[in-house]
Amino acid sequence: MTEAILLVGGKGTRLRPLTVHTPKPMLPAAGVPFLTHQLARARAAGVEHIVLATSYLAEVFEPHFGDGSALGLHLEYVTEEEPLGTGGAIRNVASLLRSGPDEPVLVFNGDILTGLDIGALVRTHETSGADVSLHLTRVTDPRAYGLVPTDGAGRVLAFLEKPQTPEEIVTDQINAGAYVFRRSVIDTIPAGRVVSVERETFPGLLAAGAHLQGMVDSTYWLDLGTPAAFVRGSADLVLGKAPSPAVPGRCGDRLVLPTARVAPDAKLAGGTVVGEGAFVAEGARVFGSTILPGAVIEPGAVITDSLIGTRARVGERAVLSGAVIGDGAVIGAHNELREGVRVWCDATIPAGAVRFSSDQ
């Protein structure tokens, strides 16, 4: 296995305002763009050539990663003028692939954090003789996902839309977003239009009698599509719960990047990241959170499971829990922001303006 396609074109609408200025795969997770972790894990599995299928804010990828040589990779970039869906994006980059018709091509999504054994998925593909092999994972509550039942040998039987009733939940296996395609199968995807592999390509292949193989790997898996999930994923990388060779430091309770400053009596725990040039003042307590570059946390602030955007400021004794603060926003002193709140980029909340408890 020496070749892969990485789908990084999504707009990341569920992550706004984090993705107003930055595409989702470039958001910092454990101190580096999330995409860095995926590229490093692919390289560790033996992948050498990766084509990035870009669309939203496509111009930011190549200046950062260049030709990929710093990671031991050869990277190429293809930009969709209009979003083409998962299948359309795969087909759109096919001309840059070097594999022969029967050789395997790895395809993975730019918003999944996983401990998948990539080599095992490729071996499953080759030993089963499949046309496409899919990474499947098991979830406790599959109602929010498409289900992928398999037979005793792992061969895919169907692709079922999100179940609405208990009777429709025939398996706890879901599509985990990583695939190995036989190169020739990619050429059968229609070119130049929106195509979903989940709703069109895979069901169509099944109907035509193709062999689709599932491999269940229920190690770490997390869809980073929501702010809460992204914050959790970054913390899990720092804590070592999610494997990555790209974490810029030792795994532990905290990761403080070079040029960041943390007061001696400030408390950081739970996989907290403090980005380049950020400052955490005296008496502040930060748990399981991401502080992006240049942000300032003033004295006595308490921040839990939150993400503080680039150059944002959190005022003295403010309390944040499950909050997302956009780039350049200012949270005045003594505010209290709770689960699910999103403060937009460059917004200002005056001191003491928002509370969820009494002022006593």
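These numbers come from a predicted model, not from an experiment.

Caption draft 1: Just unusual backbone geometry, in detail. The omega torsion of the bond from Arg 16 to Pro 17 falls at 15°, within 30 degrees of zero and hence cis. The residue Pro 17 is located in the loop between strand E1 (3-7) and strand E2 (28-29) in this model. The backbone of Leu 57 shows a phi angle near 50°, a positive value even though the residue is not glycine. Take Leu 57: it is sitting in the loop between strand E4 (49-54) and helix H2 (61-65).

Caption draft 2: A look at helix H3 (residues 85-92). Taken as a whole, H3 has its buried residues at Thr 86, Gly 87, Gly 88, Ala 89 and Ile 90. Among the structural elements, E1, E4, strand E6 (104-109), strand E9 (173-182), helix H5 (183-186) and helix H6 (197-207) are those in contact with the buried residues of H3.

Caption draft 3: Fine view of the packing of aromatic side chains. Counting across every chain of the model gives five aromatic pairs. Their ring planes at 65° and their centres at 6.1 Å tell us that Tyr 145 and Trp 221 sit as a pair that is edge-to-face. Of this pair, Tyr 145 sits in the loop between strand E8 (132-138) and E9 while Trp 221 sits in strand E11 (residues 221-223); the two residues are 76 residues apart in sequence, bridging distant segments of the chain. On the basis of relative accessibility, which here comes to 27%, the residue Tyr 145 falls in the partly exposed class. Each ring, one from Tyr 179 and one from Phe 202, has its centre 5.1 Å from the other, and the planes form 75°; the classification is edge-to-face.

Caption draft 4: Representation of the sheet that holds strand E12 (residues 254-256). Reading across from one edge, E12-E15-E18-E21-E24-E27 is the order of the six strands in this open sheet, with parallel pairing throughout. The outermost strands of the open sheet, each flanked by one partner alone, are E12 and strand E27 (342-343). With two bridges connecting them, strand E18 (residues 290-291) and strand E21 (residues 307-308) associate as parallel partners. Note on E21: the bridge partner recorded for Thr 290 is Leu 307. Lying over the sheet, helix H7 (residues 227-239) contacts E12, strand E15 (272-274), E18, E21, strand E24 (324-325) and E27, oriented at roughly 90° with respect to E15.

Caption draft 5: Region of the structure containing the pattern of salt bridges. Going through the model one piece at a time under the given rule, you end up with 12 salt bridges. A salt bridge links Asp 187 to Arg 183; the shortest N-O distance between them is 2.8 Å. Using a relative accessible area of 39% as the deciding quantity, one classes Asp 187 as partly exposed. The exposure class assigned to Arg 183 is buried, which follows from its relative accessible area of 10%.

Caption draft 6: Examining the sheet that holds strand E26 (residues 336-337) more closely. One open sheet accounts for five strands, arranged E14-E17-E20-E23-E26; its pairing is parallel. Pairing within the sheet leaves two strands with one partner each, and these edge strands are strand E14 (267-269) and E26.

Caption draft 7: Spatial organisation of the pairing of E4. Most of E4 is tucked away, with six of its six residues classed as buried. Summarising the sheet, E4 and strand E5 (residues 74-79) pair through six bridges and their orientation is parallel. Its bridge partner lying in E5, Thr 54 is registered against Thr 79.

Caption draft 8: Highlighting the nonpolar core. Core analysis: the biggest nonpolar cluster contains 29 residues, and Ile 5, Ile 90, Val 132, Leu 134, Phe 181, Phe 202 and Leu 212 have the highest contact counts within it. Looking at this core, the elements that each hand over two or more residues are E1, E4, H3, E6, E8, E9, H5 and H6. With residues near it in sequence (within four places) discarded, Leu 134 still touches Leu 121, Val 156, Phe 159, Asn 175, Ala 178, Tyr 179, Phe 202, Leu 212, Gln 213, Gly 214 and Met 215. By size, the runner-up hydrophobic cluster in this structure holds 26 residues, among which are Leu 268, Ile 325, Ala 329 and Ile 349.

Cut-offs used in this document
Residues numbered from 1 in each chain as written. Predicted model: local features only at pLDDT ≥ 70, side-chain atom pairs only at ≥ 80, totals over all residues. Heavy atoms only, no water. Helix = DSSP H or I, 4+ residues; strand = E, 2+ residues; numbered from the N terminus. Buried < 20%, exposed > 50% of the residue type's maximum accessible area, 1.4 Å probe, protein only. Contact = heavy atoms within 4.5 Å. Phe/Tyr/Trp six-rings, centres within 6.5 Å; stacked < 30°, edge-to-face > 60°. Pairing = 2+ DSSP bridges. Axes fitted to C-alpha atoms, helices over the stretch in contact; angles between N-to-C directions. Salt bridge = Lys/Arg side-chain N within 4 Å of Asp/Glu carboxyl O. Core = buried A, V, L, I, M, F, W, Y, C linked by side-chain atoms within 4.5 Å.

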